[in-house]
Amino acid sequence: CTVPRATYVEEQRLPLWVMGLMAGCKGDMITASHLLISQIEHALKVKMASCGGKVLKLEDETHQDEYNLMAVLAFLKPYFKENLYDEFYFFFTCGNDENFRNRLSHGISSIDELKRSGLYTWWIAIKMFFCETELFLEVKE
């Protein structure tokens, strides 16, 4: 079965995307958020790599770290359409704004915040999964 999806949604991660998107369809934005935020972050790293970015950085000779989401978004900034970089940056990472990714992972959001921000996360995930060309400029080889 071929599922139409963005190039950065990897086959082995498809079940997690589907479970998260289906949870949102059922109105369970809390579960959807928990499943989809990590998939969104990973997909952005895959997109970064497809644009020529290096996903790993060498901290010292014995240890490599993946770039964090802020660094990935900074790299992708010229590839986002319109002001989407700002949307992703402020919603997922900026401490002076929503920073939903951090608030969700550290359990500091109320139920109402989780439902409200979860709905927006779900919408972003739908756009990322199905509408790559609406979010990103074409990468020239």
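Residues numbered from 1 in each chain as written. Predicted model: local features only at pLDDT ≥ 70, side-chain atom pairs only at ≥ 80, totals over all residues. Heavy atoms only, no water.

(A) The arrangement of the environment of K81 in detail. Of note, K81 is situated in the loop between α3 (69-76) and α4 (84-93). The class for K81 is partly exposed, based on a relative accessible area of 28%. Sequence separation between K81 and E138 is 57 residues; the distance between their C-alpha atoms is 9.7 Å. The contacts of K81, once residues within four sequence positions are left out, are T133, E134, L135, F136 and L137. (Helix = DSSP H or I, 4+ residues; strand = E, 2+ residues; numbered from the N terminus. Buried < 20%, exposed > 50% of the residue type's maximum accessible area, 1.4 Å probe, protein only. Contact = heavy atoms within 4.5 Å.)

(B) Structural detail: the nonpolar core. Ranked by size, the top nonpolar core spans 37 residues in total, and within it Y8, W17, I40, L44, F80, F88 and M128 carry the most contacts. Elements supplying a minimum of two residues to this core: α1 (14-25), α2 (29-50), α3, α4, α5 (100-105) and α6 (111-130). With 9 residues, the top contributor of residues to this core is α2. Filtering out sequence-adjacent residues up to four positions away, M128 remains in contact with A6, Y8, W17, I40, A43, L44, F88 and L135. (Core = buried A, V, L, I, M, F, W, Y, C linked by side-chain atoms within 4.5 Å.)

(C) The arrangement of empty space enclosed by the protein in detail. Under the definition given, this model contains 1 cavity of 30 Å³ or more. Approximately 50 Å³ is the volume found for the largest cavity. At the level of secondary structure, the elements contributing two or more residues to the lining of the largest cavity comprise α4 and α6. Looking at the lining of the largest cavity element by element, the count peaks at 4 residues for α6. Its residues assigned to classes, the lining of the largest cavity comprises 6 nonpolar, no polar and 2 charged. (1 Å grid on protein atoms, 1.4 Å probe; cavity = no way out; pocket = protein on both sides within 12 Å on 5 of 7 lines; lining within 4 Å. Points joined across faces, edges and corners; volume = space filled by probe spheres on them. Nonpolar A, V, L, I, M, F, W, Y, C, P; charged D, E, K, R; others polar.)

(D) Examining α4 more closely. All of the buried residues in α4 are L84, Y85, F88, F91, F92 and T93. All buried residues of α4 lie within an arc of 155° about the axis, which places them on one face of the element. In this structure, the buried residues of α4 make contact with α2, α3, α5, α6 and α7 (132-135). (Arc of directions from axis to C-beta.)

(E) Quick look at the pattern of salt bridges. Counted by the stated rule, this structure contains 7 salt bridges. The salt bridge partner of E41 is R101, with a shortest N-O separation of 2.9 Å. A residue pair is termed long-range when its members are at least 10 positions apart, and E41 in helix α2 and R101 in helix α5 qualify at 60 residues. The class of R101 is partly exposed, set by a relative accessible area of 26%. The salt bridge partner of E113 is R103, with a shortest N-O separation of 3.1 Å. (Salt bridge = Lys/Arg side-chain N within 4 Å of Asp/Glu carboxyl O.)

(F) Layout of the side chain of E132. Inspection of the secondary structure assignment puts E132 in helix α7. On the basis of relative accessible area, E132 is assigned to the buried category, the value being 14%. Looking at E132, its side chain comes within polar contact range of the main-chain nitrogen of T7, at 2.8 Å. Looking at E132, its side chain comes within polar contact range of the side chain of K47, at 3.1 Å. (Polar contact = N/O pair within 3.5 Å; in protein donor to acceptor, adjacent residues only side chain to side chain.)

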